[in-house]
Amino acid sequence: IRTLDQVMQVLDYALAEALPMENSIKRGRLIVAIAHAFIEAIKGPANDYSGATKIPPAVFAAIGASESNYGRAPSIFGIKGVGSAGGANLATHEVYSGQKVNINDQFAAYNNLDDAFNHFIDLTSHGRYANSWNELQRTGDWEGFLRGITAAGYATDKNWPASIIALTRDIE
C-alpha cells in the first residue's frame, strides 16, 4: 500500500464491518486491527524517510496516526493548506487559552504518501521550525524536535508532543 486512497479503502472497509457489530469486544478488536493496519501501511515510507531526517519511523507513524485518525483523513500530518491533491475541509479542534475549540479548517490532501512526507519535511525544516529541525539534525533529539515545532506553532495543544511521544512508545 503506497497511496492514501489505498490505505483509506482498507480502513473504510474494516470500519464498515466494525460499526454494526453488536459485540463490543469484537468491535474493539477490529478497531485495534484498523490501527495496526494503518501503522503497517505507513511503515515503508516512514523507514524510507527516517534515515535522511533523523526522525524515527515510529515517530512518523505516531504523527500520521494522530493527525489523520489512523488514515481516516486525507491529511496525514495535519498540515493546514493545500497539498498535491488540493485541500480538504475537515472537522478538528484547536486549543486556545487552555480550552479545546471545535472548528473546521482546510488541510493539505495528497496524491500519495511520498507527497505527504515531503511536505511535512519541507514545512518543518524551514521558516519558524528551522531551529528545531537544525537541532534535530545536530543531536537526533526527536522529542526535543516535537516540543520545538509545537512551541513554534505546529500544534496549538501544548500536550501534543507528550501524546505523540506516548504513541511512539506504543508503536515501537
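So, here's what we can say about the structure.

So, how was this worked out
Residues numbered from 1 in each chain as written. Predicted model: local features only at pLDDT ≥ 70, side-chain atom pairs only at ≥ 80, totals over all residues. Heavy atoms only, no water. Core = buried A, V, L, I, M, F, W, Y, C linked by side-chain atoms within 4.5 Å. Buried < 20%, exposed > 50% of the residue type's maximum accessible area, 1.4 Å probe, protein only. Helix = DSSP H or I, 4+ residues; strand = E, 2+ residues; numbered from the N terminus. Contact = heavy atoms within 4.5 Å. Pairing = 2+ DSSP bridges. Axes fitted to C-alpha atoms, helices over the stretch in contact; angles between N-to-C directions. Parallel < 35°, antiparallel > 145°, perpendicular 65-115°, else oblique. Nonpolar A, V, L, I, M, F, W, Y, C, P; charged D, E, K, R; others polar. Arc of directions from axis to C-beta.

### Thoughts on the nonpolar core
In this structure, Ile 63, Phe 77, Phe 120, Leu 146 and Tyr 154 are the most contacted members of the largest nonpolar core, which totals 35 residues. Where this core is concerned, the elements lending two or more residues are α2 (24–53), α3 (57–68), α4 (113–124), α5 (130–139), α6 (142–151) and α7 (160–171). With six residues, α3 is the single largest residue contributor to this core. The contacts of Leu 146, once residues within four sequence positions are left out, are Val 59, Ile 63, Trp 160, Pro 161, Ile 164 and Ile 165.

### Remarks on the pairing of strand β1 (residues 87–96)
The two faces of a sheet get side chains in turn, since along a regular strand they alternate between them. Two strands pair when backbone bridges link them, and β1 and strand β2 (residues 99–108) are joined in this way by 10 bridges, in the antiparallel orientation. Bridging across to β2, Gly 87 finds its partner in Ala 108. Counting the residues in the hairpin turn of β1 and β2 gives two residues, including Ser 97, whose phi is positive at 50°.

### Description of the packing of α5 against α6
At a minimum axis distance of 9 Å, the contact between α5 and α6 shows a crossing angle of 175°. Of the possible angle classes, the one that applies to α5 and α6 is roughly antiparallel. For the pair α5 and α6, the contacting residues are Ser 132, Trp 133 and Leu 136 in the first and Trp 142, Phe 145, Gly 148 and Ile 149 in the second. The class makeup of the residues in the contact of α5 with α6 is five nonpolar, two polar and no charged.

### Observations concerning α5
For α5, the complete set of buried residues consists of Ala 130, Ser 132, Trp 133 and Leu 136. Along the axis of α5, the buried positions cluster into a sector of 165°, meaning they face one direction only. With respect to the buried face of α5, the exposed residues turned more than 90 degrees away are Asn 131 and Arg 138. Directly after α5, the chain includes Gly 140, whose backbone phi takes a positive value near 80°.

### Quick notes on the environment of Ile 171
With respect to the helices, strands and loops of the structure, Ile 171 is situated in helix α7. Put simply, Ile 171 and Ala 58 are 113 residues apart on the chain and 6.0 Å apart in space, counted from C-alpha to C-alpha. Apart from the residues lying within four places of it in its own chain, the contact partners of Ile 171 are Ile 39, Ala 58, Ala 61 and Ala 62.

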